[in-house]
Amino acid sequence: MQVIWPPQPPLADDVVVLRPFSLADVDRVTEACQDPDIQRFTAVPAPYRRDDALEWISGHEAERAARTGLSLAITDPADEVIGSIGFVTIDWANDAGEIGYWVAPWGRGQNAAGRATRLLAGWGVRELGLIRVELKISTHNQTSQRSAEFAGFRWEGVLRSALSHRDERHDLAVFSLLAGET
């Protein structure tokens, strides 16, 4: 089976559309990544500069070509970038993938992360043949954990002191979705 990578047509519901980033998105990504919560809970550089967004978006083509990950813009139906989602890792040998996401302050309140996660996980199971999709979320990020539950993921447990981020150790809540649960 030949998988179209990234998904075409873009994955969408009535609130969000998932499409590849383009260089036209650099300024909006730069603006979003100024948000303290995005900097607190993701690996974006701090401070975040326009050059960081340009380098990150430019690197997506190589990631897609190698099929080692997939980064997509979360947009509203009018194509306004409101976030980012993607497979941050794909373990082909074990038919598993890990999704990561962030939502800009102006995109919050409509469960964009939960909707986007549901769409991408479903595509990963159907089109990539993944058996397991997981999320690893800081135990301090209650909003993101609610998004995981909205997307149908189940809480599995906590990886204690699993991440070093900005000179702090973080516990990570693990959520998963298995094929047949989408």
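To be clear, the structure that these remarks concern was listed above.
Source: prediction; values computed, not measured. Starting from 1, residues in each chain are numbered consecutively following that chain's sequence as written. Confidence filtering applies because this is a predicted model: local features only for residues at pLDDT of at least 70, side-chain atom pairs given and counted only at 80 or more, and all residues used for totals across whole chains, interfaces and linings. Side-chain numbers come from the whole structure's heavy atoms, not from hydrogens or water.

A. Broad picture of the pattern of salt bridges. In the sections that follow, a salt bridge refers to a side-chain nitrogen of Lys or Arg positioned within 4 Å of a carboxyl oxygen of Asp or Glu. Counted by the stated rule, this structure contains 14 salt bridges. Between Arg-154 and Glu-181 there is a salt bridge, with its nearest N and O atoms 3.6 Å apart. One end of the pair, Arg-154, is in strand S7 (residues 154–165); the other, Glu-181, is in the segment after strand S8 (168–178), with 27 residues separating them in the sequence. Each residue's exposure class comes from its accessible area (1.4 Å probe, protein chains only) as a fraction of the maximum for that residue type: buried when under 20%, exposed when over 50%, partly exposed otherwise. Given a relative accessible area of 54%, Arg-154 falls into the exposed group. Given a relative accessible area of 30%, Glu-181 falls into the partly exposed group. One salt-bridge network, in which partners are shared between bridges, spans Glu-98, Arg-132, Glu-134, Lys-136 and Glu-156. Secondary structure follows DSSP: runs of H or I at least 4 residues long count as helices, runs of E at least 2 residues long count as strands, and numbering of each begins at the N terminus.

B. A look at the environment of Gly-152. With respect to the helices, strands and loops of the structure, Gly-152 is situated in the loop between helix H6 (142–150) and S7. Under the relative-accessibility criterion, Gly-152 is labelled partly exposed at 34%. Distance from Gly-152 to Leu-177, taken between C-alpha atoms, is 6.9 Å for residues 25 residues apart in sequence.

C. Highlighting the sheet that holds strand S6 (residues 132–138). Strands qualify as paired when DSSP identifies two bridges or more between them. Taken in spatial order, the 8 strands make up an open sheet running S1-S2-S3-S4-S5-S6-S8-S7, and their pairing is mixed. Looking along the sheet, the strands with just one partner apiece sit at the ends: strand S1 (11–12) and S7. Judged from the 7 bridges that link them, S6 and S8 form a sheet pairing that is antiparallel. Each bridged residue has a counterpart across the sheet, and for Ile-137 the counterpart in S8 is Ala-173. We call two residues contacting when some pair of their heavy atoms lies within 4.5 Å. What counts as an axis is a line fitted to C-alpha atoms, over the stretch in contact for a helix, and the angles between N-to-C directions run from 0 to 180 degrees. Lying on the sheet, helix H5 (residues 112–128) is in contact with S1, strand S2 (17–20), strand S3 (70–75), strand S4 (81–91), strand S5 (96–103), S6 and S8; it crosses S4 at an angle near 35°. Here H6 sits on the sheet and contacts S5, S6 and S8; the angle it forms with S6, its principal contact strand, is near 160°.

D. Quick look at the nonpolar core. Leu-18, Ile-85, Phe-87, Ile-99, Leu-120, Trp-123 and Phe-153 are the most contacted members of the largest nonpolar core, which has 35 residues in total. Among the secondary structure elements, those contributing two or more residues to this core are S3, S4, S5, H5, S6 and S8. Here, nonpolar core refers to any group of buried Ala, Val, Leu, Ile, Met, Phe, Trp, Tyr and Cys residues whose side-chain atoms link them within 4.5 Å. Within the second largest apolar cluster, 14 residues are counted, among which are Ala-32, Cys-33, Val-44 and Tyr-48.

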